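For reference, the chains in residue letters:
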Amino acid sequence: MNIELFDFELPKDRIALRPASPRDSARMLAVNGKQLLNHRVRDLPDLLAAGDIMVFNDTRVIPGRLTGKRGEATIQVTLHKREDDRTWKVFAKPAKKARLGDMIDFSGLVAEVIEVGQEGERTLAFEIEGGGMTSALETHGEMPLPPYIASQRDIDEHDATDYQTIYAERDGAVAAPTAGLHFTPVLLGRLEDRGIKFAHVTLHVGAGTFLPVKVDDTEDHKMHSEWGEITPETAEQLNKVRRDGGRIVSVGTTSLRLLETAADENGVIHPFKNDTDIFITPGYKFRGVDLLMTNFHLPKSTLFMLVSAFAGMAEMKAAYNHAIENKYRFYSYGDSSLLSLKEELT
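Residues numbered from 1 in each chain as written. Predicted model: local features only at pLDDT ≥ 70, side-chain atom pairs only at ≥ 80, totals over all residues. Heavy atoms only, no water.

**Focus: the pattern of salt bridges**
Working step 1: All chains considered together, the criterion is met by 18 salt bridges.
Working step 2: The salt bridge involving Glu 4 is made with Lys 300; its shortest N-O contact spans 3.2 Å. Note that Glu 4 is positioned in the segment before strand 1 (27-32) and Lys 300 in the loop between strand 16 (291-295) and helix 8 (302-311), a separation of 296 residues in sequence.
Working step 3: Residues Arg 170 and Glu 229 are paired through a salt bridge, measuring 2.8 Å at the closest nitrogen-oxygen approach. Note that Arg 170 is positioned in strand 11 (residues 170-173) and Glu 229 in strand 13 (residues 226-230), a separation of 59 residues in sequence.
Working step 4: Judged by relative accessible area, which is 30%, Arg 170 ranks as partly exposed. (Salt bridge = Lys/Arg side-chain N within 4 Å of Asp/Glu carboxyl O. Helix = DSSP H or I, 4+ residues; strand = E, 2+ residues; numbered from the N terminus. Buried < 20%, exposed > 50% of the residue type's maximum accessible area, 1.4 Å probe, protein only.)

Here it is as structure tokens:
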């Protein structure tokens, strides 16, 4: 498909630079075909049914942006996929300054460029003992806010908590699963009281999620892979909900991509522990998800393609036009939406 089909104009003042406070006061647009209803995230318990299950991505964002020196040259890298305890794939800027065999000093944390990839990707081997990478990043790194925020303001101490879900548990992401940023302990308690179940999966979101699609046709785009896990217990929990007539509600596109990777053609979700590079565009038949809660995404992005596949291209263009006209806040710190699967429209 031509990526121009996924383009739209977004006024710059619609890009949220800070999250809503409290988190669940963010606005939420419910999209069910042509029906568009304005809500708040705190209304979720009234929009779901007892027996539904919400699937949260419990990855934890690490301070994965580092600035270092190679001689006199300053190089910034953003980690995006861990290969082992000391080796990471990164995006380097300027990439031409990070050549094969170069040593980069990140204020005492030293790494060697051991592989050169395309579009600024490099593989770095850090000179650090196994298991010490997390503490080293806490000392030397900063939160890797997406470029549409970081280009407009400085990263500060608030981002250390703002850019993290309250249920984050497993270190490894360098981009937040942003749909989950809207949840508070109070909201989770109200959902539980409503009879809504919770499940947790892990997908370590990589910085590749922010890469622009540079090809003209979606067929030519290559997704970066990300590591994910669905335990056997969680897979059975999800399948039981479906058998009992409940719905699987994916909190975010990251959870959805993992669920769809693990689901077979009959909609049965299997245990999974591996990399996924699934790329979802219109025409894809969804198997593992009934509802999707997600923020508003960038034009021509793989995530806008995904939501267009899920809820319908015409429907999502109408929804985004509505959101822009009604001054919804966009992107990572922005407002939310609750999308019905087009095949399931009522």
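**A short note on the environment of Gly 51**
Working step 1: Considering the arrangement of structural elements, one finds Gly 51 in the loop between helix 1 (44-47) and strand 3 (53-57).
Working step 2: Considered as a pair, Gly 51 and Lys 197 are 146 residues apart in the sequence and their alpha carbons are 6.6 Å apart.
Working step 3: In contact with Gly 51, not counting residues within four places along its chain, are Gly 195, Lys 197, Val 241, Gly 246 and Arg 247. (Contact = heavy atoms within 4.5 Å.)

**Notes on the sheet that holds strand 16**
To summarise the sheet geometry, strands pair through backbone hydrogen bonds and adopt either a parallel or an antiparallel arrangement.
Working step 1: With mixed pairing, the 9 strands of this open sheet are ordered in space as 2-1-17-16-14-3-12-13-15. Each edge of the open sheet is held by one strand with a lone partner, namely strand 2 (35-40) and strand 15 (272-276). Each neighbouring strand pair of the sheet contributes to a mean axis angle of 25 degrees, computed without reference to strand direction.
Working step 2: Where strand 16 and strand 17 (residues 336-340) come together, 5 bridges link them in antiparallel fashion. Residue pairing in the sheet places Leu 291 in a bridge with Ser 340 of strand 17. (Pairing = 2+ DSSP bridges. Axes fitted to C-alpha atoms, helices over the stretch in contact; angles between N-to-C directions.)

**Observations regarding the packing of aromatic side chains**
Working step 1: Within the structure shown, the criterion is met by 18 aromatic pairs.
Working step 2: Ring geometry for Phe 6 against Phe 304: centres 6.4 Å apart, planes inclined by 85 degrees, an arrangement best described as edge-to-face. Placement of Phe 6 in the segment before strand 1 and of Phe 304 in helix 8 is noted, with a sequence separation of 298 residues between them. Of the two residues examined, Phe 6 and Phe 304, each falls in the buried class.
Working step 3: Relative to Tyr 320, the ring of Phe 8 lies with its centre 5.3 Å away and its plane at 75 degrees, an arrangement referred to as edge-to-face. With Phe 8 in the segment before strand 1 and Tyr 320 in helix 9 (residues 313-325), this residue pair connects regions lying 312 residues apart in the sequence.
Working step 4: Tyr 320 sits in the buried class, given a relative accessible area of 2%.
Working step 5: A network of ring pairs unites the aromatic residues Phe 6, Phe 8, Tyr 148, Phe 296, Phe 304, Tyr 320, Tyr 328, Phe 330 and Tyr 331 as a single cluster.
Working step 6: Above the plane of the ring of Tyr 328 lies Arg 27, whose end atom (NZ or CZ) is 4.0 Å from the centre. (Phe/Tyr/Trp six-rings, centres within 6.5 Å; stacked < 30°, edge-to-face > 60°. Lys NZ or Arg CZ within 6 Å of the ring centre and 35° of its normal.)

In short, the description is geometric, and any link to function would need to be established separately.
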